[in-house]
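An overview of the molecular structure
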Amino acid sequence: MEQSWRQAKGLFLTLLSAPLFWLVVFFIAPLSIVWLYSFGQNDGLVDIAFTGTWSNYAHAFSPLYLNIFVKSFWIAGLTTFLCLVIGFPVALAITFASDKLKPWLLLLVMLPFMTNLLIRTYALIAVLRTKGLINMGLEMVHNSVNGMTGGALGVFEPLALLNNNFAVVFGLVFVNLPFMILPLYSALDRLDKSLLEASLDLGAGHIRTLFNVVIPMAGAGIASGILITFIPALGSYLTPDLLGGPDSQMIANVIESQFKRANNWPFGAALSFLLVYLTFIAIAVQGVLEARARKRVA
Amino acid sequence: MTTAIKPRKMPPAPLEYLRRWPIQAWLIGVTIFLYGPLLTLMVFSFNDSRSTTIWKGFTLKYYQKALTNESLITAFGNSLTIALCSTILSVIVGAMAAIVLWRFRFGGKTLFDGALAVPIVVPEICMGVGMLVFFAKVLPWPQGLPWPLNLGAIIIAHVSFSFPFVAVVVRARLASFNRELEEAAKDLGASDFRALMDVVIPHIKPSLIAGALLAFTLSLDDFVITFFTAGPDTVTFPVKVYSMVRFSVTPEVNAASTILIVVTVLLTFLALKFQGSDALTAGHGTEKK
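Residues numbered from 1 in each chain as written. Chains lettered and ligands numbered in written order. Predicted model: local features only at pLDDT ≥ 70, side-chain atom pairs only at ≥ 80, totals over all residues.

The name an unreviewed UniProt entry assigns to chain B is ABC transporter permease, from the organism Asticcacaulis aquaticus. Quoted verbatim from the Subcellular location (unreviewed entry) field of the UniProt record, the comment on chain B reads "Cell membrane". Check the Sequence similarities (unreviewed entry) section of the UniProt entry for chain B; it says "Belongs to the binding-protein-dependent transport system permease family. CysTW subfamily." (UniProt positions renumbered as here; feature names shortened; annotations may be inferred.)

With an unreviewed UniProt entry as reference, chain A is termed ABC transporter permease, source organism Asticcacaulis aquaticus. Word for word, the UniProt comment on chain A under Sequence similarities (unreviewed entry) is "Belongs to the binding-protein-dependent transport system permease family. CysTW subfamily."

Turning to the interface of chain A and chain B, a few remarks are in order. Across the boundary between the two partners, chain A contributes 78 residues, which contact 77 residues of chain B. Classifying every residue of the side of chain A that touches chain B gives 58 nonpolar, 10 polar and 10 charged. Pairing analysis gives 2 bridges linking strand β1 (residues 3–4) of chain A to strand β1 (residues 104–105) of chain B, with the strands arranged parallel. Within β1 of chain B, the residue paired with Ser 4 of chain A across the bridge is Arg 105 of chain B. (Contact = placed C-beta atoms within 7 Å. Nonpolar A, V, L, I, M, F, W, Y, C, P; charged D, E, K, R; others polar. Pairing = 2+ DSSP bridges. Helix = DSSP H or I, 4+ residues; strand = E, 2+ residues; numbered from the N terminus.)

Moving on, we come to the nonpolar core. A general feature of soluble globular proteins is that nonpolar side chains tend to end up buried together. If you look at the biggest cluster of nonpolar residues, it comprises 160 residues, and the most contacted ones within it are Ala 91, Ile 181, Leu 184 and Leu 271 of chain A together with Ala 97, Val 129 and Val 166 of chain B. Excluding its chain neighbours within four sequence positions, the residues that come into contact with Ala 91 of chain A are Ile 181, Leu 184, Tyr 185 and Leu 188 of chain A. (Core = buried A, V, L, I, M, F, W, Y, C linked by C-beta atoms within 7 Å. Buried ≥ 20, exposed ≤ 12 C-beta atoms within 10 Å, placed from the backbone.)

This part takes up the environment of Val 235 of chain B. Residues and elements named next belong to chain B. Turning to its location among the elements, Val 235 is positioned in the loop between α9 (224–229) and α10 (237–247). For Val 235, a count of 20 C-beta atoms within 10 Å gives the class buried. Residues Val 235 and Ile 154, spaced 81 residues apart in sequence, show a C-alpha to C-alpha distance of 10.0 Å.

Summarizing the sequence annotation, UniProt attributes the feature "transmembrane region" (unreviewed entry) to residues 12–37, 73–97, 104–128, 166–188, 209–234 and 267–289 of chain A in the numbering used throughout. Here residues 267–289 of chain A is 100% helix and 0% strand, with 33 Å between the C-alpha atoms at its ends.

Another point: the packing of helix α3 (residues 70–103) of chain B against helix α6 (residues 152–174) of chain B. Residue and element names in this part refer to chain B. Packing of α3 against α6 brings their axes to within 6 Å, and their N-to-C directions diverge by 45°. Comparing the axis directions of α3 and α6 gives the class oblique. Pair α3 / α6 crosses with right-handed handedness. In the contact of α3 with α6, the residues fall into 19 nonpolar, 5 polar and 1 charged. (Axes fitted to C-alpha atoms, helices over the stretch in contact; angles between N-to-C directions. Parallel < 35°, antiparallel > 145°, perpendicular 65-115°, else oblique. Left-handed = near helix turned anticlockwise from the far one by under 90°.)

Residue and element names in this part refer to chain A. It is at 8 Å that the axes of helix α7 (residues 165–189) and helix α10 (residues 219–234) come closest, and there the two elements cross at 160°. Taken as axis vectors, α7 and α10 run roughly antiparallel relative to one another. Between α7 and α10 the crossing geometry is right-handed. Contact with α7, carried on its side by Leu 172, Asn 176, Phe 179, Met 180, Pro 183, Leu 184, Ser 186 and Ala 187, involves Ala 220, Gly 221, Ile 222, Ser 224, Gly 225, Ile 228, Thr 229, Pro 232 and Ala 233 of α10 and no other residues of that element. A per-class count over the contact of α7 with α10 returns 11 nonpolar, 6 polar and no charged.

This part is about the UniProt feature "transmembrane region" (unreviewed entry) in chain B. Residue and element names in this part refer to chain B. Under the UniProt annotation, "transmembrane region" (unreviewed entry) lies at residues 21–46, 80–102, 114–135, 147–170, 207–230 and 253–272. Between the first and last C-alpha atoms of residues 80–102 the distance is 32 Å; the span itself is 100% helix and 0% strand. Segment residues 253–272 splits into 100% helix and 0% strand. End C-alpha atoms: 29 Å apart.

This is the structure we're talking about:
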């Protein structure tokens, strides 16, 4: 049983001091300043005046920026969907692997996840470039077909795989896939396996068991996997920056340019907080879904 | 003479998904997807050519180049120093937060608990601009401080996003602690503080190590927040690699990246050694029903 803090004031205050100080001064304060800035406007070159204006938010809803928000949503949503489709069979296989194999399979998923994000993104550049591995492989196939048929396919045209929206989605799936697999595994592993066996015994196929038994029961875990993948994907900066083209900017890239290049901090602040609000809304929605799922089970 | 009964290959049981070929093929495909790019990166760091796609022969010259590139070495040293300092601070602050939440009832506990989760969920870019503004307007970090003091701003930023993760790991471990042990220590005359240091801390030691390795990896991995906090003379390894990548794709970057990948893999294995492989299955892999 927890102790009331009054029974050991000294210890309580000592233990609370550092984390509370750090959280307030080095996390809440910086974000609060950004929040205040989002209601301010540039005053001269360096100063920012707090005027309580909503114009930054209004600016963020102008068609140009609204478009970028919609696009970021699309990209993050597509990434999440692909991660779910690709990751689900993997999570299923890990769940039903033998005890000996299981840690190794999980390690297989986790290792890339521990590797530096920048390095992983960089590695993709070499694969996707015009003279990258995929195009080289395609060219080899192309040329050998050409050799056999006497040039029926014509000159090889490398696919444009880098610096476009395809590359961004590909990169985000590559980077975020472990985020999806791990919560899915943790949800599937908690399922009562005898129910699955019952369903299969009673004549349902694997696909039907999946949709009628597994997904309804693991719903909350699937939702949390979706959330854990969607939030970082929505706010990703590095992947669209390095792999994307001129038209694949996402919200984070606009925020960065407002702070570092355009020097319009109030507007950048408003965009940042819109992203924070979206994150909180996503978490709240997930919380409501989870509570509902729990009620259904109870 | 008895003939040995040849074990007949059993068809897979209904739930042995791992023995079905579509799932096997899928797993292999995902493994290639996840590892292919990284392995190519590592292989081509040994390539005797500027090209990172055509194999020309084995060489170590890009390692030599990377290891004699002074700014790259400085950046690497900065990254390790930052990771080390922020890990020590994160473990202390994170463990304190975990213990205070586990041990005490107090007004505003839910609020504190909730606020502690915010750094984990808030998008990196937002935290990055927060740090940029904070160190530009509120606490301008003096320029030209001697090393490693000039890294202070980045270390502070890294602790801010790492210590809540440490707190989560430590709290999970504290949940399995039998509170009666601490009471027994106090009954035997130990003060609150002694009981904490001699009874609770030894119990959570594995989680402290795990938390430390997590904080270290997070710090070493971070690009976005550092990008917004770093000044021109405080370049970290990811920031340096970023500027090199923007410039061109060279085997030198491959060599430097390979070194970092090897470091990360070693750290991960070390973490698992301390926690046991149960840590991977989060305890529910081996439990008997």
